[in-house]
Amino acid sequence: MSNEESVRLDVWLDVACIFKTRSQAQTACKRGRVEVNGDHGKPHRIVRPGDTIRIKIPGGRRRIVEVVEIETTNVPKTR
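Residues numbered from 1 in each chain as written. Predicted model: local features only at pLDDT ≥ 70, side-chain atom pairs only at ≥ 80, totals over all residues. Heavy atoms only, no water.

Chemist: In this structure, what is going on with the environment of Thr52? I would like to understand it.
Modeler: Along the polypeptide, Thr52 turns up in strand β5 (residues 52-57). Classification of Thr52 by relative accessible area gives partly exposed; the value is 23%. For the pair Thr52 and Val68, spaced 16 residues apart in sequence, the C-alpha to C-alpha distance is 9.4 Å. Ignoring sequence-local partners within four residues, the contact set of Thr52 consists of Glu35, Val36, Asn37, Ile64, Val65 and Glu66. (Helix = DSSP H or I, 4+ residues; strand = E, 2+ residues; numbered from the N terminus. Buried < 20%, exposed > 50% of the residue type's maximum accessible area, 1.4 Å probe, protein only. Contact = heavy atoms within 4.5 Å.)

Right, dumping it as structure tokens:
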């Protein structure tokens, strides 16, 4: 796999509009609120297509996201 098919977790969470900013994504990762394929999601962890990301949301809810493709720029919400 080339570098174009993988990206840092905190960058992907920001680009996919899961978090408003990359620093919010980093904070969530550092606090243990993000898991990738069942492992602790550190901000520098590499994410590839096919990975499953679980995010703990305030209020006891969870969000499960599957990485389908890697984007390098912000994804419009209408897509």
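Chemist: What is the right way to read the side chain of Asp51 from this model?
Modeler: Its location among the elements puts Asp51 in the loop between β4 (46-47) and β5. Look at Asp51: it is buried, it has no salt bridge, and the nearest opposite charge is Arg45 at 4.1 Å. Reaching out from Asp51, the side chain makes a polar contact with the side chain of Asn37 at a distance of 2.9 Å. Not counting residues up to four positions away in its chain, the partners in contact with Asp51 are Val36, Asn37, Arg45, Ile46, Val65, Glu66 and Val67. (Lys, Arg positive; Asp, Glu negative; His and termini not counted. Salt bridge = Lys/Arg side-chain N within 4 Å of Asp/Glu carboxyl O. Polar contact = N/O pair within 3.5 Å; in protein donor to acceptor, adjacent residues only side chain to side chain.)

Chemist: Help me out: how do you make sense of the layout of surface pockets in this one?
Modeler: To find leftover empty space, one rolls a probe the size of a water molecule over the atoms. Each pocket or cavity is described by its volume, and for the second largest pocket that value is around 170 Å³. Lining the second largest pocket, in full, are Ile18, Phe19, Gln24, Thr27, Ala28, Arg31, Arg33, Ile55, Lys56, Ile57, Pro58 and Arg63. Secondary-structure elements contributing two or more residues to the lining of the second largest pocket are α2 (22-30) and β5. (1 Å grid on protein atoms, 1.4 Å probe; cavity = no way out; pocket = protein on both sides within 12 Å on 5 of 7 lines; lining within 4 Å. Points joined across faces, edges and corners; volume = space filled by probe spheres on them.)

Chemist: So what exactly am I meant to see when it comes to the environment of Lys42 here?
Modeler: One can find Lys42 in the loop between β3 (39-40) and β4. Separated by 33 residues in the primary sequence, Lys42 and Leu9 have C-alpha atoms spaced 7.4 Å apart. Aside from chain neighbours lying at most four places away, what touches Lys42 is Leu9 and Cys29.

Chemist: Explain α2 here, please?
Modeler: Turn by turn, an α-helix covers 3.6 residues, leaving residues three or four places apart pointing in a common direction. Those residues of α2 that fall on the buried side of the exposure criterion are Ala25, Ala28 and Cys29. With its buried residues spanning 100 degrees around the axis, α2 presents them on a single face. Looking at the buried residues of α2, the elements they touch are α1 (9-15), β2 (34-36) and β3. Where α2 ends, the next residue or the one after it, Gly32, has phi of about 80 degrees, a positive value. (Arc of directions from axis to C-beta.)

Chemist: Sorry, what's going on with the environment of Ile46 here?
Modeler: Position of Ile46 among the secondary structure elements: in strand β4. What makes Ile46 partly exposed here is its relative accessible area of 34%. Placed 39 residues apart in sequence, Ile46 and Val7 show a C-alpha to C-alpha distance of 5.4 Å. When neighbours within four sequence positions are excluded, Ile46 is seen to be in contact with Ser6, Val7, Arg8 and Asp51.

No statement about biological role is implied by the geometric values presented.
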